[in-house]
Amino acid sequence: MYVVKSPLSDENLKTVSEALQGALVDLIDLSLVAKQIHWNVVGPRFRSVHLQLDEVVATARTHSDTVAERAAALGVPPDGRAATVAVGSGIGVTPEGWVDDATAVSALVDALGAVITRMRERIAATEEPDPVTQDIIITITADLEKHHWMFQAANG
């Protein structure tokens, strides 16, 4: 079996791989949370919230692929299995059943906030060992912060 060799030292690779794996888990869970709420949102702002949730799903899915491929490029096998996501995510419990639009927006504000906090920690952790990975995480964080702002504005 061919194994991809990393250009990073073992110590730097450990730090970077932890950051990438954590980001992957958070992004996969964010896409699942947003899609779950997307299917169950109700209320007067149904359509706008429903569509806004799909934008978060698309962002999270796109970036999760980028993160997983970065890990693979560094010789680290990405792990996006359901059990791994369930134990590793920093997102709290998702509302069950029908979710009114205000609660849906609040839930996304919280979920995005949790992921952004962890992404910012990863930005700091990867600065020295791998600026390339740091740049990827910075881009992801910027996109998530834009969604966070828009959901916060939705509940005024």
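Residues numbered from 1 in each chain as written. Predicted model: local features only at pLDDT ≥ 70, side-chain atom pairs only at ≥ 80, totals over all residues. Heavy atoms only, no water.

- Under an unreviewed UniProt entry, the name given to the protein is Dps family protein, and the organism recorded is Streptomyces cellulosae.
- Heading Sequence similarities (unreviewed entry) of the UniProt record for the protein holds this comment: "Belongs to the Dps family." (UniProt positions renumbered as here; feature names shortened; annotations may be inferred.)

1. Brief notes about the overall build of the protein
Moving on, step 1. When you go through the protein residue by residue, the secondary structure sums to 5 helices and 2 strands.
Moving on, step 2. If you line up the protein on its principal axes, its C-alpha atoms span 55 × 30 × 20 Å.
Moving on, step 3. Here the protein holds 156 residues, and 46% of them are scored as buried.
Moving on, step 4. In the protein, the proportion of contacts linking residues at least 24 apart, taken out of those at least 6 apart, comes to 83%. (Helix = DSSP H or I, 4+ residues; strand = E, 2+ residues; numbered from the N terminus. Buried < 20%, exposed > 50% of the residue type's maximum accessible area, 1.4 Å probe, protein only. Contact = heavy atoms within 4.5 Å.)

2. Here's the deal with the UniProt feature "domain: Ferritin/DPS" (unreviewed entry) in the protein
Moving on, step 1. The UniProt record annotates "domain: Ferritin/DPS" (unreviewed entry) at residues 18-153.
Moving on, step 2. Taken end to end, residues 18-153 is 79% helix and 3% strand, and its first and last C-alpha atoms sit 33 Å apart.

3. As for the nonpolar core
Moving on, step 1. Leu30, Leu108, Met119, Leu144 and Phe151 are the most contacted members of the largest nonpolar core, which totals 44 residues.
Moving on, step 2. Elements with a minimum of two residues in this core: helix H1 (10-40), helix H2 (46-73), helix H4 (101-126) and helix H5 (131-154).
Moving on, step 3. At 13 residues, H1 tops the list of elements feeding residues into this core.
Moving on, step 4. The contact partners of Phe151, leaving out residues within four places of it in the chain, are Gln52, Leu53, Val56, Val105, Leu108, Val109 and Leu112. (Core = buried A, V, L, I, M, F, W, Y, C linked by side-chain atoms within 4.5 Å.)

4. Overview of the environment of Ala111
Moving on, step 1. The residue Ala111 is located in helix H4 in this model.
Moving on, step 2. Since its relative accessible area comes to 4%, Ala111 is described here as buried.
Moving on, step 3. In this structure, the C-alpha to C-alpha distance between Ala111 and Gly90, residues 21 residues apart in sequence, is 8.3 Å.

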